[in-house]
Every structure is written in structure tokens, then in C-alpha cells.
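Chain residues, written in single-letter form:
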Amino acid sequence: MTSTPPKPKVFFLPWDRRSELIDLLEACDARSSFQRNDLVAVKIHFGERGGDGHIKPEWIRPALKMLWKMKTQPFLTDTGTIYHGARSNAASHLMVAAEHGFTQSKLQTPIIIADGLMGDDYDEIPIPGKHFQSVKIATGIRRADAMLVLSHFKGHLLCGFGGAVKNLGMGCGARLGKFEMHSSSSPTLTVEKCIGCGACITKCAHDALTLVGDTIRKDDDACVGCGECIVACPTAALAVTWNEGAAAVQERLAEYALGAVADKRALYLNFVNHITPNCDCMGMKEKPLCADVGILASLDPVAIDQASLDLVIKTGGDVFQEAHPGIDGTVQLAHAEKIGLGNRNYELVTGDW
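Let me sum up the structure you'll find in this document. Predicted model only: the values in this text are computed from it and were never measured. (Residues numbered from 1 in each chain as written. Predicted model: local features only at pLDDT ≥ 70, side-chain atom pairs only at ≥ 80, totals over all residues. Heavy atoms only, no water.)

Between helix 10 (residues 246-260) and helix 13 (residues 330-338), the shortest axis-to-axis distance is 8 Å and the interhelical angle comes to 40 degrees. Judged on the interaxial angle alone, helix 13 and helix 10 are oblique. As helix 10 runs across helix 13, the sense of the crossing is right-handed. Residue-level inspection shows Ala247, Gln250, Glu251, Leu253, Ala254 and Glu255 of helix 10 in contact with helix 13, the latter providing Thr330, Val331, Gln332, His335 and Ala336. Of the residues contributing to the contact of helix 10 with helix 13, the split by class is five nonpolar, four polar and two charged. (Axes fitted to C-alpha atoms, helices over the stretch in contact; angles between N-to-C directions. Helix = DSSP H or I, 4+ residues; strand = E, 2+ residues; numbered from the N terminus. Parallel < 35°, antiparallel > 145°, perpendicular 65-115°, else oblique. Left-handed = near helix turned anticlockwise from the far one by under 90°. Contact = heavy atoms within 4.5 Å. Nonpolar A, V, L, I, M, F, W, Y, C, P; charged D, E, K, R; others polar.)

Moving on to the side chain of glutamate 286. Within the element layout of this structure, glutamate 286 appears in the loop between strand 14 (265-272) and strand 15 (294-298). One buried charged residue, glutamate 286, forms no salt bridge at all, with the nearest opposite charge on lysine 154 at 10 Å. In terms of polar contacts, glutamate 286 uses its side chain to reach the side chain of asparagine 278, at 2.7 Å. Apart from residues lying up to four places away in sequence, glutamate 286 is in contact with Asp52, His274, Thr276, Pro277 and Asn278. (Buried < 20%, exposed > 50% of the residue type's maximum accessible area, 1.4 Å probe, protein only. Lys, Arg positive; Asp, Glu negative; His and termini not counted. Salt bridge = Lys/Arg side-chain N within 4 Å of Asp/Glu carboxyl O. Polar contact = N/O pair within 3.5 Å; in protein donor to acceptor, adjacent residues only side chain to side chain.)

Turning next to the pattern of salt bridges. The tally for this structure, following the rule as stated, stands at 12 salt bridges. The partner of arginine 31 in a salt bridge is glutamate 26, with the nearest N and O atoms 2.9 Å apart. Accessibility expressed as a relative area gives 34% for arginine 31, which makes it partly exposed. Aspartate 78 is the salt-bridge partner of arginine 87, the closest N and O atoms lying 3.8 Å from each other. Here arginine 87 falls in the buried class, since its relative accessible area comes to 2%.

The element strand 7 (residues 146-152) is largely enclosed, with a buried count of seven among its seven residues. The alternating pattern of strand 7 places Ala146, Leu148, Leu150 and His152 and Met147, Val149 and Ser151 on opposite faces, both of which are buried. For strand 2 (residues 39-43) and strand 7, the ladder comprises four bridges, and the chain directions are parallel. When the sheet's bridge partners are listed, lysine 43 is paired in strand 7 with valine 149. (Pairing = 2+ DSSP bridges.)

Listed in full, the buried residues belonging to helix 3 (residues 90-99) are Ala90, His93, Val96 and Ala97. Relative to the axis of helix 3, the buried residues are bounded by an arc of 120 degrees and lie together on one face. Check the buried side of helix 3 and you find it contacts strand 3 (73-78) and strand 4 (111-113). Its side-chain oxygen at 3.1 Å from the backbone nitrogen of alanine 91, asparagine 89 defines the N-terminal cap of helix 3. Positive phi appears at glycine 101, one or two residues downstream of helix 3, with a value of about 95 degrees. (Arc of directions from axis to C-beta.)

All right, on to the sheet that holds strand 1 (residues 9-14) then. Spatial strand order, 4-3-2-7-14-15-1-16: eight strands in an open sheet with mixed pairing. Of all the strands in the sheet, just strand 4 and strand 16 (347-349) have a single pairing partner and so form its edges. Ignoring which end each strand starts from, the neighbouring axes of this sheet average 25 degrees apart. Looking at chain direction, strand 1 and strand 15 are connected through five bridges and run antiparallel. Residue phenylalanine 11 lies in a different strand from strand 15, and its bridge partner there is alanine 297.

With that settled, the discussion passes to the pairing of strand 14. Burial of strand 14 is extensive: seven of the eight residues sit out of reach of the surface. As defined by bridge partners, strand 14 adjoins strand 15 across five bridges and the pair is classed as antiparallel. Following the sheet pairing, asparagine 270 is matched in strand 15 by leucine 296.

Before going further, it helps to examine the nonpolar core. Counting 54 residues, the largest nonpolar core has Met147, Leu168 and Val312 as the members making the most contacts within it. Excluding its chain neighbours within four sequence positions, the residues that come into contact with valine 312 are Phe153, Val272, Ile275, Cys290, Val293, Gly317, Val319 and Phe320. Listed in part, the 36 residues of the second largest apolar core include Val40, Phe46, Leu67 and Ile295. (Core = buried A, V, L, I, M, F, W, Y, C linked by side-chain atoms within 4.5 Å.)

Inspection of the secondary structure assignment puts asparagine 270 in strand 14. At a separation of 2.9 Å, a polar atom in the side chain of asparagine 270 contacts the side chain of aspartate 305. The residues contacting asparagine 270, other than those within four sequence positions of it, are Ser151, Phe153, Ala164, Gly294, Ile295, Leu296, Ile304, Asp305 and Ser308.

Turning to its location among the elements, histidine 131 is positioned in the loop between strand 5 (122-126) and strand 6 (134-138). Classification of histidine 131 as partly exposed rests on a relative accessible area of 27%. Considering only alpha carbons, one finds histidine 131 and glycine 80, 51 residues apart in sequence, at a separation of 23 Å. The residues contacting histidine 131, other than those within four sequence positions of it, are Ala248, Glu251, Arg252 and Glu255.

What follows is the structure in C-alpha cells.
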């Protein structure tokens, strides 16, 4: 007779007790996820310029201190964006991180952009997916021994909400991986915006772009969708072709999340506060949808997202459905559970740590 596996535990700390984070970490046996001399990728979103919803540096100091006391080698990390902006290359990305207080001097922890200077530094990881048989995971994350995944739980235009699964999937994929999640077509060229500078040509390694007169022409057969031209273009004449629906994007990012933690020890913390309608990539200040909830910890990324969603609904109602009508954010969790990333059926642990 087959026994039922135990439910993954999700530990909950109310927001007004956030100063007790180290006690939460001890309660969930966080130390079991890390070993002496581990290179620990502390995955976080440093926030976009102009926004204020991201996790703040002072909130994570207890977790970093724990890692240092365990004699591990932690580093804070994220990956670049596929759109032209302040975080599209490692140099400017680090400047944004510093503006938000994420510096080595303040946190005694180095900061590394995991997919390299231009987002093309990755390892191909095989997975048993519906959409992908392999995924492109940023080298700096893939080659770490373990991960501490710090996620701001909030709304999202395509995913309904974003937490640990999205932080793993979209946040750990290299630039080409982000294209695979969002689009099945090559970049869109709007010739009216082209100024004929040729900056995109210098970045294209596949001879897919040529300058005819003072206008760029694109060979769709030669284009592999790497996205280098998009970041290089100063006028957004080349842009992402957003042709995948919400459900497909969610399933794809769940498969990337599976590849991000393949054969890797990981601990997850969800900061369920300042719950905005949109993600921290938007670069704008938004009013929260409901009251702050708290901090959750778990060894299961699917369980922690399901618990975060349930607590938000208990606190303020189905605020994500109200913010994004017609978007079912649970698609990402259902698919993640189906491919073996985690379990939506969890045990919530509360109390005095």
C-alpha cells in the first residue's frame, strides 16, 4: 500500500513581527539547506528605478548573517531584463541595486549579476517539460551549490501574481530564456522608429540584420531571438514580440523554475507585504491592494506561493483577480506541481518561535 507523502510545511511570521526573522529561520530549520563552504546564490529582485515595492536591504540582514555564521559564501544575485532599460546590462543593473541600498559595504555580501554583462552567460539544463526539453539558466545561479530565494509576493500583468515560482523561472533565466518564456517569434521591427545608427548590427552574431540606406532590415530565418539587438537599439525600433498568452507564459516560467533548482538545495522566503497590482519591474510607485500579511518560509516553492496566495485572499479578498480580470494566476502553480517542482497541498505552521 502506497503511503501519502507528508505535506510540505510553510512557516508564517506576521508582518508586525518581522524583526523576528532569525527566529523564523530557526523554526523552519533553514540551516539544513546549507553546508560549510557552499556558494549560496541569494536570489532577489533589486527593484527597478522609480519603484519602491522591492524587498529592502535591512529586512534580509538576519538571513545573510546566518549564512556567514555557517561559513558559507553567499552572494546577492539577479539577472538582466529583455527590455531596454536600467537593468538590461550588468553595469547599469548594479548601479540600480546600489541606489536601493544593495551594496557590498552595507550588507558585507558581494553582488553578482548571474547572467553576465549582457545577459548571455548561461548553462543549458535538461528538464522534462511540456514546452521545453531544456532551459537556459544563468551561469552564476546554476553553478552555485545552494540557493536562498527571496521573493516579493505581489501582482503581475500576465501571471496574476508573482512569488517564488516566478522569481525562480523568470528571474533565473538568461536573456534568451526570457524570450522563450514570453515569445515564440523573433523581435518585432518598427522601421518608422529606426534612425539607421547600426547599433543593433554590431550586437547581432547571426547576420540577421543589415542596413539598407538608413533603415534596418531583418532576416527572420537567420534570427535566433537572442535579444541583443533589442537592448542595443536606442529608439526601441526592435522590441519583444509579446505573442504568448498568460497561461502559456505561466507554464513556461514554471518549467524554467524547475531547471533553476535542478539538483540544488534551496530555501524560500516570501515577503508578503506592500502587495501591489504589478511587479517590481514596472518602475513606478503603486498603492497596495490590501494590508501587509507577513513573511513565509518553506523548502517548497509551490507550497509557499499557494500559502501566500491563500493568506492574501484571507486578508483582502481575491485582489489579484480584481486587479487583473481574466488572468488565472494558479496556472503557474498547477503546472509547477504537475512537473514535480512542489506541492500545493501544504501545512501552515504558526506560533511563537
